[in-house]
Amino acid sequence: MRTKLLLLGIVWLGGITKIYADPIEDGKTIFMTRCAACHNVNKQLTGPALAGVDQRHSIDWIINFVHSSQKLVTGGDKAAVELFQRFNGVTMPDHPDLTEENIKSIVDYVKSATVIVDNKAPFAKPSKLQPYYRPLSIWQDYLVFLVYFFVVILLIVTLLFAVRLKSFSANSD
Ligand code: HEC
């Protein structure tokens, strides 16, 4: 019973660390369910290809645009108006429920899935996937470190407990 609970706890904690450690996966899930109908990272569909979007706009602009693109267009934001016209007045639906973190994780995913086409060297390898990793930082990801620390200590305690139990049963033989 105890060991089962312990195992369950470890699996659960492992799940939490995964969520905290993987914004790209989060972003991918949101992108696939909410954006992929009109957007592809590397191809223009109903909406523009999103590759390089973080270089065209500030992250704040992207967050505002995803929350309500029409607010920017009617507010006279130059980039938004220009895009709206270029895409023949197709309105991108509002996504007010996405948090800043959600939208940042979408941008992380877009970066990770961006195919770089090197126009200068057409006969070299035509394209390559650019890996994108955000290094773990103690301050931003302290929860991850804390949880890993906790899991390691739990494992050590379990191991010690198992060894004790074994020597106990060996003695009682
Ligand atoms: C119904 C289609 C549709 C959906 C769904 C959609 N978009 Fe868009 N998106 C557009 C269109 C069309 C534009 C071009 C601007 C305009 O017409 O207002 C655009 C533009 C953008 C831009 C500006 C891109 C650039 O190159 O400057 C970003 C960023 C963006 N969308 C993000 C998203 C994200 C993130 C989602 C999902 C949460 C999403 N969009 C869902 C249609 C859509």
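Look up a bit, the structure's there.
Model, not experiment: these values are computed from the prediction.

Participant: What's the story with the overall build of the chain in this structure? I'm lost.
Facilitator: If you tally the helices and strands in the chain, you get 8 helices and 2 strands. Secondary structure elements in the chain, listed N-terminal to C-terminal, are α-α-α-α-α-α-α-β-β-α. Sequence separation of at least 24 residues holds for 52% of the intrachain contacts in the chain that already meet a minimum separation of 6. For the chain, the exposed area adds up to about 12700 Å²; of that, 65% sits on carbon and sulfur atoms.

Participant: Honestly, helix α7 (residues 100-112) in this entry has me stumped. Any pointers?
Facilitator: An α-helical turn contains 3.6 residues, so any two residues separated by three or four positions project in the same direction. Helix length check: α7 (13 residues) gives 18 Å between terminal C-alpha atoms against 18 Å at 1.5 Å per residue, within 8%. By the burial criterion, the buried members of α7 are Ile103, Ser105, Ile106, Val107, Asp108, Tyr109 and Val110. On its buried face, α7 is in contact with α2 (23-35), α3 (53-56) and α4 (59-67).

Participant: Please explain the pattern of salt bridges as it appears in this structure.
Facilitator: Where charged atoms from two side chains of opposite charge come close, those side chains can pair. Counted according to the given criterion, the structure contains 3 salt bridges. Arginine 34 is paired through a salt bridge with aspartate 97; the nearest N and O atoms lie 2.9 Å apart. Of this pair, arginine 34 sits in helix α2 while aspartate 97 sits in the loop between α6 (78-86) and α7, and the two are 63 residues apart along the sequence. Arginine 34 gets classed as partly exposed once you look at its relative accessible area, which sits at 32%. Taking the shortest distance from any N to any O, the salt bridge between arginine 86 and glutamate 82 comes out at 3.5 Å. With arginine 86 and glutamate 82 both in helix α6 and 4 residues apart, the pair spans about one turn of that helix.

Participant: Where do I start with the coordination of the iron atom of the ligand in this structure?
Facilitator: Around a metal, the idealised angle for a tetrahedral arrangement of four donor atoms is 109.5 degrees; for an octahedral arrangement of six donor atoms it is 90 or 180 degrees. Here the iron atom of the ligand is held by His39 (NE2) and Met92 (SD), and the distances to it run 2.0 to 2.1 Å. Each of the 6 donor atoms around the iron atom of the ligand contributes to a set of angles spanning 87 to 179°, which defines the coordination as octahedral. Here histidine 39 is found in the loop between α2 and α3, whereas its partner methionine 92 is found in the loop between α6 and α7, with 53 residues between them in sequence. According to the relative accessible area criterion, histidine 39 is buried, its value standing at 12%.

Rules and cut-offs
Residues numbered from 1 in each chain as written. Predicted model: local features only at pLDDT ≥ 70, side-chain atom pairs only at ≥ 80, totals over all residues. Heavy atoms only, no water. Helix = DSSP H or I, 4+ residues; strand = E, 2+ residues; numbered from the N terminus. Contact = heavy atoms within 4.5 Å. Areas by Shrake-Rupley, 256 points an atom, 1.4 Å probe, with all protein chains shown as cover. Expected span 1.5 Å × (residues − 1). Buried < 20%, exposed > 50% of the residue type's maximum accessible area, 1.4 Å probe, protein only. Salt bridge = Lys/Arg side-chain N within 4 Å of Asp/Glu carboxyl O. Donors = N, O, S within 2.8 Å, 3.2 Å for Na, K, Ca; no water. Tetrahedral: all angles 85-135°; square planar, octahedral: opposite > 155°, others 65-115°.

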